[in-house]
Amino acid sequence: MTQLEVSQFEKYFELATKGESIQVNFLESIASTNQWLLEQSSLQKTIICATDNQTQGRGRRGRHWSSQPGDSLCFSVGIRLNISAAKLSGLSLVIGIVLEEVLQPLIADSIKLKWPNDLLVNERKLSGILVETKSLKKDHVDLVIGVGINLGSMTEREPGSISLSECQIKQPLDVNYILAQLVAKMLSYLEEFERSGFSSFQQSWLNKAAWYKKPVNIITAEQTVSGIYSGIDVDGALILEHNGETKSYVAGEVSLRRDSNDTAN
Ligand code: BTN
């Protein structure tokens, strides 16, 4: 696996965006790339922070995402979007599409999107996304979009995880190339998201959804609800069908599990 290197990243980013440049900070080690960006005075100009050595990285629902050197690519994009907070739902699902579209050509195994924002390979977690808000104004939001992608041997492995190098790799893995492609596509899809929200991404997301049309459990703070995963709506909420009725669940403090009684592929 290659090392993060600003000049290599810039070369690939320029190629991917036909000449654009962006402010990047590659750090040898950091507590959390999300936290680093949340502490910046302004996100008016888009900034990237990346490392493969993250000591106190965080994930959704109180989880952690730490990385010894080479274990995972940890990066965050600090960005201002000209939308209101009410329009934010679905954003992290768009990031999932970006990850899938960039990573899938690199490996022969199929990548699936686990609602709301994990990437799975053979039912094991390859990548996770954590979007945090720095500030909310009437007409814009400053966001930190954090992504962790398992890369190497993973010294401290989370149960049920998989790394890119454990997949059937179709081309050499170059971390600068991967990051440049991810950031370039993210910026372009976020522009589309600013213009038209999640609706234009809804079908591409479902095409890659793990367990779509299958029995699943939704776990909330209070209860576990079982049903058939019958879709996602225009805001990215999951639609669950139960006893002939449908109910939608927004991402947040809810999580999705495959029903353990479902043995079908
Ligand atoms: C999850 O699966 O719960 C989300 C994990 C997100 C981890 C990434 S690594 C880079 C960025 N910085 C952090 O502290 N967290 C995110």
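**Some remarks on the site of the ligand**
Reasoning step 1: Contacts to the ligand come from 21 residues, most closely from Ser32, Arg58, Arg60, Arg63 and Lys125.
Reasoning step 2: Interatomic distance of 3.2 Å between a side-chain N/O atom of Gln54 and a nitrogen atom of the ligand.
Reasoning step 3: Here an oxygen atom of the ligand and a side-chain polar atom of Arg63 are 2.9 Å apart.
Reasoning step 4: Coverage of the ligand by the protein chains reaches 99% of its 420 Å² of free accessible surface.
Reasoning step 5: Among the elements of the structure, helix 2 (33–38), strand 3 (72–81), strand 6 (124–136) and strand 7 (141–150) are those that each provide at least two residues to the shell around the ligand.
Reasoning step 6: The dominant element in the shell around the ligand, judged by the number of residues it contributes, is strand 6, at four residues.
Reasoning step 7: Looking at the shell around the ligand, its residues break down into six nonpolar, ten polar and five charged.

**What about the pairing of strand 10 (residues 238–242)?**
Reasoning step 1: Bridge count between strand 9 (residues 224–232) and strand 10: four bridges; the pairing is antiparallel. Residue Tyr229 lies in a different strand from strand 10, and its bridge partner there is Leu240.
Reasoning step 2: Between strand 9 and strand 10, which pair antiparallel and follow one another directly, the connecting turn spans five residues, one of which, Gly236, has a positive phi of 90 degrees.
Reasoning step 3: Direction of pairing for strand 10 relative to strand 11 (residues 245–249): antiparallel, over a ladder of five bridges. Counterpart to Ile239 in the pairing with strand 11 is Ser248.
Reasoning step 4: Here strand 10 folds back onto strand 11, and the loop between the two strands holds two residues, one of which, Asn243, carries a positive phi near 50 degrees.

**Looking at the domain arrangement of the protein chain**
Reports often express the size of an interface as the amount of accessible area lost when the parts come together.
Reasoning step 1: According to the domain assignment, the protein chain consists of domain 1 (6–206) and domain 2 (215–258).
Reasoning step 2: Put simply, the middle of domain 1 and the middle of domain 2, counted by C-alpha atoms, are 25 Å apart.
Reasoning step 3: Residue-level contacts link 14 residues of domain 1 with 20 residues of domain 2.
Reasoning step 4: Buried surface at the junction of domain 1 and domain 2, both sides included, amounts to about 1,400 Å², of which 56% is carbon and sulfur.

The rules behind the values
Residues numbered from 1 in each chain as written. Predicted model: local features only at pLDDT ≥ 70, side-chain atom pairs only at ≥ 80, totals over all residues. Heavy atoms only, no water. Near = heavy atom within 4 Å. Polar contact = N/O pair within 3.5 Å; in protein donor to acceptor, adjacent residues only side chain to side chain. Areas by Shrake-Rupley, 256 points an atom, 1.4 Å probe, with all protein chains shown as cover. Helix = DSSP H or I, 4+ residues; strand = E, 2+ residues; numbered from the N terminus. Nonpolar A, V, L, I, M, F, W, Y, C, P; charged D, E, K, R; others polar. Pairing = 2+ DSSP bridges. Domains from an automatic or database assignment. Contact = heavy atoms within 4.5 Å. Buried area = accessible area lost by both parts, 1.4 Å probe.

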